[in-house]
Every structure is written in C-alpha cells, then in structure tokens.
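Structural overview
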Amino acid sequence: YYAWSARPTWTRMSSAGIVDTFEKGRGGLWKEMQRQGYYLTAIGPLLLTTDLIRKPKLKIEAGTVDTAWGMKRKVIAVGVRQDKKQKMTYLVIYSNDPKKNQTGKITLNSSMLRGKKLYNLYSQKEVSLKNNSFTISLDPGDGKIYLLASPEKYSLAKQKILKNRFNTRKEIIKYDVY
C-alpha cells in the first residue's frame, strides 16, 4: 500500500532525499547517518542479546525540554539494557533536545557497580566516577552508549566492537572499489 500511496522522502526520486539521482549523499542528514552508522554497526550487535530494564536503579539530573505535545521531558534520558548471560549492562544515553547542547549528571546505584567499571563504548575509555556519578554532555539529539562490566568482560566487548568496525569499513571499501 505504502509504495503506491506515497513516496518516501529519503529516496533519490524525491528532491528532499538524502541521496541524489546518482546516489551520492547530500546535506547534513547524510553525514549524520554516516557518523551514527559507524558506531551503531560496531556496537549494535552487542545489544541484540540484551533485555530492557524498565526501572533502572539510577538517577538523572538534567533540565527539561518541551515536546511537540506540550509535555515536558528530561533533556537527558537513559535506556538501560542488560545481558544477563554475559553479566554486562549497557546505558544508552541520549538528548531529547534537538536544538541545543545539553549536560546532565547520571548517578548509578552502588548495587549496579559491584566489581564493575563504566566504559564509554564510543571513545573506548573508562569513565571516572565520583560518588557513583558522572557528567555527560551531548550535542542536540545526540547520544552515547556506555558499558558497565568487569575489565575482563569489557575487553571481550571491545574486541567485538573493533572487529565489527573493521568489517564495516571493509564492506564500504569493497563497495567503493567495485
């Protein structure tokens, strides 16, 4: 039905599409998709075996932003996903503000931290915590993914992420060459 009733705006047939007639990317949206794709294709597979934690034991200190429906939301939000088999917890942190940079403070419950450290999966660095808290700054609508795990589990996750990054780049080069 959709194919006959409307044209998606991202196709090359649309003047507002993210690719032109020759399938070359155009505009800021294409660059943003490339930037996010770099991380999501590397980290995303690790999230496939996780379950959503509906009421995570953490505190978010951030301002609010008005939504299109007149409601207020925190400008910084956190989705928590847990891989119970691997004993790893992922924090998917994102900004609900599409217009301004935002900063927030995340405080983790001490029960979440037992024998674990927090790692930024984008920068591949350990995050230093002060009183179980850390500060995050995000560009408009941006997000980051963190891992709460033992150093050994983080090392395994890092290897998978680096392998996924390599494989993604290899596929891109293969398409560019052919």
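Figured I'd write up the structure that's included with this text. (Residues numbered from 1 in each chain as written. Predicted model: local features only at pLDDT ≥ 70, side-chain atom pairs only at ≥ 80, totals over all residues. Heavy atoms only, no water.)

1. What about the nonpolar core?
Counting 19 residues, the largest nonpolar core has L91, I93 and L108 as the members making the most contacts within it. Going through the elements one at a time, β5 (76-83), β6 (88-95), β7 (102-108), α3 (110-113), β10 (133-138) and β11 (143-149) are the ones with two or more residues in this core. When residues no more than four places from it in sequence are discounted, the contact partners of L108 are K57, L58, L91, L113, L118, L129, N132 and L148. Counting residues in each nonpolar core, the second largest holds 16 residues, with Y90, I145, L147 and A157 among its members. (Core = buried A, V, L, I, M, F, W, Y, C linked by side-chain atoms within 4.5 Å. Buried < 20%, exposed > 50% of the residue type's maximum accessible area, 1.4 Å probe, protein only. Helix = DSSP H or I, 4+ residues; strand = E, 2+ residues; numbered from the N terminus. Contact = heavy atoms within 4.5 Å.)

2. A word on the environment of K59
Within the element layout of this structure, K59 appears in strand β2 (residues 58-61). Judged by its relative accessible area of 48%, K59 falls in the partly exposed class. Sequence separation between K59 and S133 is 74 residues, and the spatial gap between their C-alpha atoms is 9.0 Å. Once residues within four sequence positions are removed from consideration, K59 is found in contact with K105, I106 and T107.

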